[in-house]
Every structure is written in C-alpha cells, then in structure tokens.
Amino acid sequence: MTTSMLAYLARRTPSTGASYLTRRGFASDSTPVRKVAILGAAGGIGQPLSLLMKLNPLVSSLALYDISGTPGVAADVSHINTRSEVLGFAGEEQLGKALKGADVVIIPAGVPRKPGMTRDDLFNINAGIVKSLCAAVAKYCPHALVNVISNPVNSTVPIASEVFKKAGTYDEKRLFGVTTLDVVRAKTFYAGKAKVNVADVNVPVVGGHAGVTILPLFSQATSSANLANEEIEALTKRTQDGGTEVVEAKAGKGSATLSMAYAGAIFADACLKGLNGVPDVVECSFVQSTVTDLPFFASKVRLGKNGVEEVLGLGALSDYEKQGLEALKPELKSSIEKGIKFANA
Ligand SMILES: NC(=O)C1=CN([C@@H]2O[C@H](COP(=O)(O)OP(=O)(O)OC[C@H]3O[C@@H](n4cnc5c(N)ncnc54)[C@H](O)[C@@H]3O)[C@@H](O)[C@H]2O)C=CC1
Ligand SMILES: O=C([O-])CC(=O)C(=O)O
C-alpha cells in the first residue's frame with residue numbers, strides 16, 4: 001500500500017470508522033481535485049485496481065469503464081467511505097463521458113496470457129483495443145497522463161504514441177508503460193534471497209516488459225548484500241519469468257491480477273503526486289527515451305506537474321547487466337517497430 005494510502009487509513013477515527021476527509025466534506029481544502037479513469041475496470045486487474053484507487057485520497061473522481069460489467073463494480077466500490085465519487089460507464093457510447101476531464105487514465109483493457117503464450121501472442125487482439133482506446137483519450141482528455149498496462153507493453157506504448165501523434169496530441173511526457181510489477185517482483189525476490197527487510201529494498205528494473213527485455217539492476221539494489229553471481233543470475237531469471245510463473249500457477253485462468261493491481265496503484269499514485277507538485281517522485285517506467293539508441297526504454301523517471309520531468313540514466317552497470325542490456329535490444333527494437341507499424345497501417 002502506498003504511503004499516502006497508509007496515512008489516509010491512519011487518520012480514520014476508531015469510534016466511527018469515518019475518515020477525516022469524509023467528515024470534513026467531499027473534498028479536502030488542500031488536496032487538488034483529480035479525476036482518474038480506469039479502462040478495463042471490470043477485469044481481473046481492473047476490479048482490484050478500482051478498489052485500490054478508491055482508497056487513494058488523492059483521487060476525487062473515479063470513472064470505471066469497460067465494455068460491460070462496470071455498473072456493478074462501480075456500485076460496489078462506491079459504498080466505500082473514502083473521498084472519491086465513483087461512476088461506472090459501460091459500452092463505447094459512454095467512453096467519452098468516462099474520459100472527459102481525466103487527469104490520469106489507466107488502461108488494463110485486453111486479453112491476458114494462457115500457459116504457453118508469450119506476451120507478443122496477445123498483440124493481435126490487444127493492439128486494436130489500445131489503439132481505439134487511445135484515440136478516445138486523444139479526443140476527450142488529450143492532456144491526461146496515460147498509464148498503459150495492456151500487453152505487450154513493449155508494443156502497446158509505441159502504438160499509443162502513434163495514435164496521439166496522428167491526433168496531434170502527443171506529448172511524450174504524458175505516456176507511460178507500466179513496468180512497476182517488475183520492480184515489485186525484483187524487490188520481493190531480492191529481499192527473500194538477501195534476507196533483508198523488504199521495506200528497505202529498492203531495485204531499478206530497466207529495458208522493457210517481456211522476458212529478457214526485463215533487466216533488473218541488482219548491482220544497484222538497496223539494501224546491498226553480497227550475493228554470489230549465480231544468485232544474481234537466478235534472481236534476474238526469476239524476475240524476467242515472474243509473469244510466466246503466475247500464468248502457469250493460474251493454469252489457464254489468466255495472469256497476474258492482484259500484484260498487478262497493487263503495482264498499477266503504486267504507479268498511478270506516483271503520477272498523481274507528481275501532478276500535485278510533490279518533489280522527488282521517482283518510479284521506473286517504459287517511456288520515450290534517449291537513454292539508449294531505442295526510442296522507448298524503461299528506466300527511472302522523475303515525475304512532476306507535467307508528467308515526466310526527467311528520464312534518469314542507467315547508472316553504473318555490472319558486466320552481467322551490460323551483457324543483458326545488449327542482449328535485450330534486438331527484441332525490444334522489433335517489438336517497438338511492430339507497434340509503430342501496426343498503428344500506421
Ligand atoms: N503491464 C503489466 O505489468 C501487466 C500487464 N497485464 C496485462 O493486462 C491486461 C489485462 O489483464 P487482466 O485484467 O488479467 O484481463 P481480464 O480479461 O481479466 O480483463 C480485461 C478487461 O478488459 C476489458 N476490455 C476488453 N476490451 C475492452 C475495450 N475495448 N474497452 C474497455 N475494456 C475492454 C474486458 O472486458 C475485461 O474486463 C492483459 O493484456 C495482461 O497481459 C497483466 C499483468 C501485468
Ligand atoms: O505475464 C503476463 O502475461 C502478465 C504480465 O505482464 C506480468 O505478470 O508481468
């Protein structure tokens with residue numbers, strides 16, 4: 001749970017259970033009004049993500065959109081006594097209303113993997129979904145920060161950028177591929193292996209969001225621990241295969257939803273904090289980048305009032321990480337190009 005969510009829960013009055021913000025009225029005096037729209041809100045990620053965003057005190061309005069099922073999710077979540085007003089929107093004719101005025105749009109719409117599939121196998125269905133949803137974003141909330149969760153992220157983010165370019169609304173500072181789950185996994189696996197407190201651990205994860213394109217930089221991990229090379233290699237492999245581990249364990253019933261909802265909520269919270277002028281908000285994300293020769297790349301990003309304030313460099317890499325960086329480039333390049341080609345076909 002994010003720090004602001006924890007702070008919010010801590011302010012609850014034990015006697016009534018009512019929140020500080022609710023008792024003072026709908027919106028706090030000091031917290032800006034912020035609308036968040038979730039596209040694909042009735043899905044496996046969408047539902048727990050809707051719950052977590054309802055718990056976020058930075059949100060004043062929460063719009064839950066899907067092709068169907070959202071009136072029920074919205075009715076359910078709306079009974080929680082936190083700040084935001086929740087509205088459900090179902091079907092394409094309601095998409096405009098869901099998006100209008102949104103500050104942050106989170107997109108977990110699309111099909112998930114089944115065992116034996118790669119993320120790229122989702123391209124044929126999800127590319128079209130992301131393309132049409134982004135066309136609507138360009139029309140109804142062209143200044144929103146867009147958090148793309150739908151896979152394959154290495155291609156769906158370039159697709160989104162091309163759609164926005166065509167609409168004349170592209171601002172590279174406002175488009176993000178959500179790779180936070182890779183960071184969440186790297187932290188968890190590292191803390192378990194290094195036997196350190198997971199709350200003290202940070203690990204940057206760079207590159208992209210599929211297989212070998214996921215490159216955790218354990219040489220930069222805090223708290224530092226003297227792990228053997230074989231242990232670092234095993235941790236790297238486990239982080240790269242984290243999604244597949246869940247897909248296989250779910251045995252045909254989808255991919256990561258709960259941990260992804262957590263990761264998506266962390267990233268959206270960082271975007272909101274940045275918009276609100278909170279200093280030094282840094283998260284890894286797949287963004288337009290000049291950190292390597294690839295046009296999009298995941299690395300640490302400082303978030304601010306306009307979205308990306310600064311794309312941070314990679315820092316010092318170990319030899320193993322340098323090799324991993326070179327090895328990931330061909331696949332990432334071809335996934336990016338595939339997305340761009342699709343959007344312009
Ligand atoms: N970036 C990341 O780290 C991760 C990404 N994912 C990806 O997130 C996506 C969603 O996964 P789940 O929630 O498990 O799938 P799901 O099938 O449970 O939910 C997807 C939802 O999208 C909705 N949807 C489909 N077309 C839509 C459209 N045109 N407009 C609005 N909503 C639409 C469906 O109705 C459904 O409710 C998948 O592509 C999956 O691969 C999953 C985990 C991690
Ligand atoms: O593996 C998948 O298909 C879903 C995903 O992106 C992840 O869990 O990292």
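Residues numbered from 1 in each chain as written. Chains lettered and ligands numbered in written order. Predicted model: local features only at pLDDT ≥ 70, side-chain atom pairs only at ≥ 80, totals over all residues. Heavy atoms only, no water.

**A look at the state of the cysteines**
Defined simply, a disulfide is a covalent bond joining two cysteines at their sulfur atoms.
No. 1: Using the criterion set out here, one finds zero disulfides in the structure.
No. 2: Considering cysteine sulfurs only, Cys141 is the nearest to Cys134, which forms no disulfide, with 9.7 Å between them.
No. 3: Assessed through its relative accessible area of 0%, Cys134 is described here as buried.
No. 4: Sulfur of Cys284: no disulfide; nearest cysteine sulfur belongs to Cys271 and is 13 Å away. (Disulfide = S-S within 2.5 Å. Buried < 20%, exposed > 50% of the residue type's maximum accessible area, 1.4 Å probe, protein only.)

**So, the site of ligand 2**
No. 1: The full set of residues close to ligand 2 is Arg113, Arg119, Asn151, Leu181, Arg185, His209, Gly243, Ser255 and Ala256.
No. 2: The separation between an oxygen atom of ligand 2 and a polar side-chain atom of Arg113 is 2.6 Å.
No. 3: Here ligand 2, which alone exposes 270 Å², has 95% of that area covered by the protein.
No. 4: When the residues that make up the shell around ligand 2 are grouped by side-chain class, the tally is two nonpolar, four polar and three charged.
No. 5: No fewer than three residues from each of domain 1 (35–178) and domain 2 (179–339) sit in the shell around ligand 2. (Near = heavy atom within 4 Å. Polar contact = N/O pair within 3.5 Å; in protein donor to acceptor, adjacent residues only side chain to side chain. Areas by Shrake-Rupley, 256 points an atom, 1.4 Å probe, with all protein chains shown as cover. Nonpolar A, V, L, I, M, F, W, Y, C, P; charged D, E, K, R; others polar. Domains from an automatic or database assignment.)

**Thoughts on the site of ligand 1**
No. 1: Contacts to ligand 1 come from 28 residues, most closely from Gly44, Ile45, Asp66, Val111 and Asn151.
No. 2: Within the backbone of Ile45, a nitrogen or oxygen atom sits 2.9 Å from an oxygen atom of ligand 1.
No. 3: Elements with a contribution of two residues or more to the shell around ligand 1: β2 (61–66) and α6 (123–140).
No. 4: Looking at which element gives the most residues to the shell around ligand 1, the answer is α6, with three residues.
No. 5: A breakdown of the residues in the shell around ligand 1 according to their chemical character gives 17 nonpolar, ten polar and one charged.
No. 6: Each of domain 1 (35–178) and domain 2 (179–339) accounts for three or more of the residues forming the shell around ligand 1. (Helix = DSSP H or I, 4+ residues; strand = E, 2+ residues; numbered from the N terminus.)

**Structural notes on the side chain of Ser60**
No. 1: Looking at where Ser60 falls in the secondary structure, it is placed in the loop between α3 (46–54) and β2.
No. 2: The class of Ser60 is buried, set by a relative accessible area of 2%.

**Considerations on the domain arrangement of the protein chain**
No. 1: If you check the domain split of the protein chain, you get domain 1 (35–178) and domain 2 (179–339).
No. 2: On a C-alpha basis, the centroid separation for the pair domain 1 and domain 2 is 21 Å.
No. 3: On the side of domain 2, 45 residues touch domain 1, which itself brings 39 residues to the contact.
No. 4: Summing both partners gives a buried area of about 3500 Å² for domain 1 against domain 2, and 66% of it is carried by carbon and sulfur.
No. 5: Sorting the residues of domain 1 by area buried against domain 2 places Arg119, Asn154 and Val178 first, and these three jointly supply 20% of that buried surface.
No. 6: Summed over the shared surface of domain 1 and domain 2, the result is one salt bridge.
No. 7: In this structure, the salt-bridge partner of Asp120 is Lys338, at a minimum N-O distance of 2.9 Å.
No. 8: Elements supplying a minimum of two residues to the side of domain 1 that touches domain 2: α3, β4 (104–107), β5 (145–148), α7 (153–167) and β6 (175–177).
No. 9: Here the side of domain 1 that touches domain 2 gets seven residues from one element, more than from any other, and that element is α7.
No. 10: Here the residues of the side of domain 1 that touches domain 2 sort into 23 nonpolar, eight polar and eight charged. (Contact = heavy atoms within 4.5 Å. Buried area = accessible area lost by both parts, 1.4 Å probe. Salt bridge = Lys/Arg side-chain N within 4 Å of Asp/Glu carboxyl O.)

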